[in-house]
Amino acid sequence: MKVFINKRIPEIGITMLKEAKLEVIIPENEHLSYEEWLAYCKLSDVILNVGGEFKFDPYFFKECPNIKAIALYSVGYDQVNIQSATENAVPIGNTPDVLSKATSDVSFLLMQSVARRASYNFEKVKAGNWGRFDPLHALGQELYGKTLGVFGLGRIGFEMAKKSRKAFDMEIIYHNRHRNVEAEKEINARYVSFDELIKQADVLSIHASYKAEQKDLFNNAVFEKMKSNAIFINTARGGFHDQKALYEALKNNQIWGAGLDVTNPEPMPYDDPILELSNVCVLPHIGSATEEARNGMAKMAAENIIAFSKGEKNYLLV
Ligand code: DGY
């Protein structure tokens, strides 16, 4: 069975595949064009896919009828048209759990960085503008006892909520497709409607898995309803927020600040006006970028493929 991996992943995953006697194909050039990528896919039985650059859409499944399974090196699976995968009987695997702590750490980091205006202050230091002690300048806000609104209280959202509860005794409200009974019991999380979530949250943090119909869900109308002291955090997918509307909301002080690990578009152009604002912290999609999480993802993606090659389906999503 030929396994195509479009970018090098931690060695543990590659070793596991080789030990399971699977043939691993990793191109020398890891910056493939779409056509080059598709040509590799056509030669392979299984794909271990890194990144969301190329889509597994109806065109892909028509062009690559021999693909038997796809193991994603991510928890998100928005790059896959699940309906097409199902119609073509191609099982899809992803890597949940192993990155929940690392990704929620970034949400937590962004929340604090924005609340204490870390980016703004760091820019000042770099520019030689440390200045004298000023009791009224660059004041942040404390998070103690504030309300965290979690949009999507799954594994990553739960980790973020637990940390926020423990560190800052934050009240947790959430909106989800399903009630999260464990979170309601363990951290007293309270289920609210979407409207209540955006109106009541002092910090609004997105953790849901993204679907195309949710594009720009956080738009002008939503930012208008949020509190003026609210901090908006997105470490899930940039498609969730309308970035122009977010820029306007921040510029007009409709909301207080934003921390983004995902942007719209992604990567974000260096001259995006949002970067000129002082109440924003942007990171380049580093949620799962720890040795522990990336090794865990490599192991899990390899396990998915090995399970598939043995006819098992335990890890696969579809
Ligand atoms: C994920 O796992 O979905 C992260 O966003 C990395 O792509």
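In this text the structure is predicted, and so the values were computed from the model without any measurement.

### Side note on the environment of Lys299
For step 1, the next point in the chain: You can see Lys299 is positioned in helix H12 (residues 291-309).
For step 2, the next point in the chain: Relative accessible area serves as the criterion here: at 37%, Lys299 is assigned to the partly exposed category.
For step 3, the next point in the chain: The spatial distance from the C-alpha of Lys299 to the C-alpha of Tyr73 is 9.7 Å, given a sequence separation of 226 residues.
For step 4, the next point in the chain: Look past the residues within four positions of Lys299 in its chain and what remains in contact with it is Ile12 and Met16.

### Section: the nonpolar core
For step 1, the next point in the chain: By size, the foremost hydrophobic cluster in this structure holds 31 residues, and its most contacted members are Phe218, Phe223, Met226, Phe232, Leu246 and Ile274.
For step 2, the next point in the chain: Of all the secondary structure elements, the ones that give two or more residues to this core are helix H9 (194-200), strand S9 (203-206), helix H10 (220-225), helix H11 (243-251) and strand S11 (257-260).
For step 3, the next point in the chain: Considering every element that reaches this core, the biggest residue donor is H11, with five residues.
For step 4, the next point in the chain: When sequence neighbours within four positions are dropped, the list of residues in contact with Ile274 reads Gln243, Leu246, Tyr247, Leu250, Leu260, Met268 and Val280.
For step 5, the next point in the chain: Within the second largest apolar cluster, 25 residues are counted, among which are Leu148, Leu153, Phe168 and Ala183.

### Section: the pattern of salt bridges
For step 1, the next point in the chain: Within this structure, the stated rule accounts for 16 salt bridges.
For step 2, the next point in the chain: Ionic pairing is found between Arg155 and Asp97, a salt bridge with its closest N-O pair at 3.0 Å. Taken together, the residues span a long stretch of sequence, with Arg155 in helix H7 (residues 155-168) and Asp97 in the loop between strand S5 (92-93) and helix H5 (100-115) at a distance of 58 residues.
For step 3, the next point in the chain: Relative accessible area serves as the criterion here: at 47%, Arg155 is assigned to the partly exposed category.
For step 4, the next point in the chain: Across the pair Arg179 and Glu184 runs a salt bridge, and its minimum N-O distance is 2.8 Å.
For step 5, the next point in the chain: Note on Arg179: relative accessible area 53%, which makes it exposed.
For step 6, the next point in the chain: One network of salt bridges, in which partners are shared, links Lys42, Lys62 and Glu63.

### Overview of the sheet that holds strand S4 (residues 69-72)
Strand pairing within a sheet occurs via backbone hydrogen bonds; the two strands may be parallel or antiparallel.
For step 1, the next point in the chain: The strand order across the open sheet formed by five strands is S2-S1-S3-S4-S5, and the pairing between neighbours is parallel. The open sheet is flanked by strand S2 (23-25) and S5, the only strands paired with a single partner.
For step 2, the next point in the chain: In the sheet, strand S3 (residues 46-49) pairs with S4 via four bridges, with the strands oriented parallel. Paired with Ile47 across the two strands is Ile70, which belongs to S4.
For step 3, the next point in the chain: Here H12 sits on the sheet in contact with strand S1 (2-5), S3, S4 and S5, set at roughly 160 degrees to S4.

### Section: the sheet that holds strand S10 (residues 231-234)
For step 1, the next point in the chain: Taken in spatial order, the seven strands of this open sheet run S8-S7-S6-S9-S10-S11-S12, and their pairing is parallel. On the outer flanks of this sheet lie strand S8 (190-191) and strand S12 (280-282), each paired with one strand and no other.
For step 2, the next point in the chain: Here S9 runs beside S10; their pairing, made up of four bridges, is parallel. Across the sheet, Leu204 pairs through a bridge with Phe232, a residue of S10.
For step 3, the next point in the chain: Across the sheet, H11 is in contact with S10, S11 and S12; its angle to S11 comes to roughly 145 degrees.

### Digging into the UniProt feature "domain: D-isomer specific 2-hydroxyacid dehydrogenase catalytic" (unreviewed entry) in the protein chain
For step 1, the next point in the chain: Following the UniProt record, one finds the feature "domain: D-isomer specific 2-hydroxyacid dehydrogenase catalytic" (unreviewed entry) at residues 5-313.
For step 2, the next point in the chain: Helix and strand shares over residues 5-313 are 38% and 13% respectively, and the end C-alpha atoms of the span are 20 Å apart.

### Topic: unusual backbone geometry
For step 1, the next point in the chain: With an omega of 10 degrees, the peptide bond between Asn264 and Pro265 qualifies as cis.
For step 2, the next point in the chain: Note the cis peptide between Glu266 and Pro267, where omega equals -5 degrees.
For step 3, the next point in the chain: Considering the arrangement of structural elements, one finds Pro267 in the loop between S11 and S12.
For step 4, the next point in the chain: Phi is positive for Arg117, which is not a glycine, with a value near 55 degrees.
For step 5, the next point in the chain: With respect to the helices, strands and loops of the structure, Arg117 is situated in the loop between H5 and helix H6 (118-126).
For step 6, the next point in the chain: Of note in this structure, Asp216 is not a glycine but carries a positive phi near 60 degrees.
For step 7, the next point in the chain: For Asp216, the position within the fold is in the loop between S9 and H10.

### Thoughts on the pairing of S4
For step 1, the next point in the chain: Burial along S4 is two-sided: the face carrying Ala69 and Ala71 and the face carrying Ile70 and Leu72 are both buried.
For step 2, the next point in the chain: A crossover links S3 with its parallel partner S4, the connecting element being helix H3 (residues 58-63), and its sense is right-handed.
For step 3, the next point in the chain: Two strands pair when backbone bridges link them, and S4 and S5 are joined in this way by two bridges, in the parallel orientation. By the bridge assignment for S5, Ala71 is matched with Gly93.
For step 4, the next point in the chain: You can see the chain leave S4, run along helix H4 (residues 82-87) and come back into S5, and the turn it takes is right-handed.

So, how was this worked out
Residues numbered from 1 in each chain as written. Predicted model: local features only at pLDDT ≥ 70, side-chain atom pairs only at ≥ 80, totals over all residues. Heavy atoms only, no water. Helix = DSSP H or I, 4+ residues; strand = E, 2+ residues; numbered from the N terminus. Buried < 20%, exposed > 50% of the residue type's maximum accessible area, 1.4 Å probe, protein only. Contact = heavy atoms within 4.5 Å. Core = buried A, V, L, I, M, F, W, Y, C linked by side-chain atoms within 4.5 Å. Salt bridge = Lys/Arg side-chain N within 4 Å of Asp/Glu carboxyl O. Pairing = 2+ DSSP bridges. Axes fitted to C-alpha atoms, helices over the stretch in contact; angles between N-to-C directions. UniProt positions renumbered as here; feature names shortened; annotations may be inferred. Right-handed = clockwise from strand over helix to strand, strands pointing away.

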